[in-house]
Amino acid sequence: MTRVVTIDGPSGSGKGTIAALLAERLGWHCLDSGALYRLVGLIVDRAGIGFEKGNKIAELGRNMDVEFSPAGVMLEGEDVSIAIRTETAGNNASKVAAIPAVREALLQWQHDYAREPGLIADGRDMGSVVFPQAEVKIFLDASAEERAQRRYKQLKEKGLDVSLAGLVAEIEERDQRDRNRSVAPLKAPDGALVVDSTGLSIEEVLATVLEQVQCTFPDLEV
Ligand code: DC
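Let us now look at the confidence of the model for the protein chain. Per-residue pLDDT for the protein chain averages 94, and the proportion of residues at 70 or more is 100%. Across the protein chain, the element-wise mean pLDDT spans from 89 in helix H8 (residues 164–180) up to 98 in strand S1 (residues 4–8).

Written out as structure tokens, the structure reads:
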């Protein structure tokens, strides 16, 4: 069975960064499951379909023509790497992610990523639902203020004009939806190592995660 390390946590906890660095360090595959929900959100938004049409949205998700290439995320041949990263796309993703049929439809996409030599899976329900058999489960958290500050810095660097208070409110609203939905709510899975990254550098968090990986797989050279 392919080795899997899951990294779950709320938006802005740094899990995407840590997952990518860890995958690079180990030479493993990396699944950014949030991108799949963002893609479905984008498709729904563009097609003008109401969020209540769960089965229709699930079908679109199951059959979407997507390719993750080093050049970017391609949807029907169009590079949508930037389009899926906007705040609107994030909010649409959070709405489609609350639909059980959509989560079910995206399962196969996610399972297909588990290939040798191993997979780092980043998301909200990687350790609890998608890869419950994973040998290493990490739950990365940080305070809403710290996560909003990180996002604020990123957006400012991109030259976007945003308000910090607005970002805190958006992050809290999205957390609320992700943590309280009836299907696969955001929470630390059983057996996960919970890492609170508030006040920690990327290097410090990566070192903690690497230690756990090394402990579980002593044969790996990390
Ligand atoms: O990690 P992200 O911000 O790109 O995720 C976008 C949205 O998708 C987020 O609001 C929650 C949802 N999501 C999810 O429900 N399950 C996942 N495994 C990944 C993301």
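Taken together, 18 residues lie around the ligand, and Ser-33, Arg-38, Arg-103, Arg-124 and Arg-181 are the ones closest in. Separating a nitrogen atom of the ligand from a side-chain N or O atom of Ser-33 is a distance of 3.0 Å. For the ligand, an oxygen atom lies 2.6 Å from a polar atom in the side chain of Arg-38. For the ligand, the accessible surface in isolation is 450 Å², of which the surrounding protein chains cover 96%. At the level of secondary structure, the elements contributing two or more residues to the shell around the ligand comprise helix H2 (33–47), helix H4 (87–96) and H8. Per-element tally for the shell around the ligand: the top contributor is H2, with four residues. Across the shell around the ligand, the residue classes tally to four nonpolar, five polar and nine charged.

This part is about the sheet that holds S1. Strands sit in the order S2-S6-S1-S7-S8 across an open sheet of five strands; the sheet is parallel. Two strands lie at the open edges of the sheet, namely strand S2 (29–32) and strand S8 (193–196), each paired on one side alone. Across this sheet, the average inter-strand angle for adjacent strands is 20°, counted without regard to direction. Note: strand S7 (residues 136–141) against S8, four bridges, orientation parallel.

A few words on H8. Helix length check: H8, at 17 residues, gives a terminal C-alpha distance of 24 Å against a target of 24 Å (1.5 Å per residue), a fit within 8%. What H8 keeps buried is the set Leu-167, Val-168, Ile-171, Arg-174, Asp-175 and Asp-178. The buried residues of H8 occupy an angular sector of 135° when the element is viewed end-on, so they sit on one face. In this structure, H8 carries Ala-165, Gln-176 and Asn-180 as exposed residues pointing more than 90 degrees from its buried face.

A few words on the environment of Asp-196. The residue Asp-196 is located in strand S8 in this model. Given a relative accessible area of 46%, Asp-196 falls into the partly exposed group. As a C-alpha pair, Asp-196 and Phe-139 span 57 residues in sequence and 8.3 Å in three-dimensional space. In terms of polar contacts, Asp-196 uses its side chain to reach the side chain of Thr-198, at 2.6 Å.

Right, let's talk about the pattern of salt bridges for a bit. Overall, the coordinates contain 16 salt bridges when judged by the stated rule. Arg-124 is the salt-bridge partner of Asp-178, the closest N and O atoms lying 3.9 Å from each other. Within this pair, whereas Asp-178 is found in helix H8, its partner Arg-124 is found in the loop between strand S6 (119–123) and helix H6 (126–130), the two being separated by 54 residues in sequence. Among the residues examined, Asp-178 registers a relative accessible area of 5% and is labelled buried. Take Arg-124: its relative accessible area is 16%, and that puts it in the buried class. In this structure, Glu-146 engages Arg-150 in a salt bridge whose closest nitrogen and oxygen atoms are separated by 2.9 Å. A residue pair is termed a helical-turn pair when its members lie 3 or 4 positions apart in one helix, as Glu-146 and Arg-150 do in helix H7 (residues 144–157) at four residues. The exposure class assigned to Arg-150 is partly exposed, which follows from its relative accessible area of 25%. Here the salt bridges share partners, and the residues they tie into one network are Asp-141, Arg-147, Asp-175 and Arg-179.

Okay, the sheet that holds strand S3 (residues 66–69) next. Ordered in space as S3-S4-S5, the three strands form an open sheet in which the pairing is antiparallel. Each having just a single partner strand, S3 and strand S5 (78–79) make up the two edges of the open sheet. The strands that H2 touches are S3, strand S4 (72–75) and S5; relative to S4, the one it contacts most, it runs at about 40°.

Once that is clear, we can look at the packing of H2 against H4. Between H2 and H4, the shortest axis-to-axis distance is 7 Å and the interhelical angle comes to 100°. Between H2 and H4, the angle is such that the two are roughly perpendicular. Two secondary-structure elements touch here, H2 through Tyr-37, Arg-38, Val-40, Gly-41, Val-44 and Asp-45 and H4 through Ala-89, Gly-90, Asn-92, Ala-93 and Val-96. The residue makeup of the contact of H2 with H4, split by class, is six nonpolar, three polar and two charged.

Parameters and conventions
- Residues numbered from 1 in each chain as written.
- Predicted model: local features only at pLDDT ≥ 70, side-chain atom pairs only at ≥ 80, totals over all residues.
- Heavy atoms only, no water.
- pLDDT = per-residue confidence, 0-100.
- Helix = DSSP H or I, 4+ residues; strand = E, 2+ residues; numbered from the N terminus.
- Near = heavy atom within 4 Å.
- Polar contact = N/O pair within 3.5 Å; in protein donor to acceptor, adjacent residues only side chain to side chain.
- Areas by Shrake-Rupley, 256 points an atom, 1.4 Å probe, with all protein chains shown as cover.
- Nonpolar A, V, L, I, M, F, W, Y, C, P; charged D, E, K, R; others polar.
- Pairing = 2+ DSSP bridges.
- Axes fitted to C-alpha atoms, helices over the stretch in contact; angles between N-to-C directions.
- Expected span 1.5 Å × (residues − 1).
- Buried < 20%, exposed > 50% of the residue type's maximum accessible area, 1.4 Å probe, protein only.
- Arc of directions from axis to C-beta.
- Salt bridge = Lys/Arg side-chain N within 4 Å of Asp/Glu carboxyl O.
- Contact = heavy atoms within 4.5 Å.
- Parallel < 35°, antiparallel > 145°, perpendicular 65-115°, else oblique.

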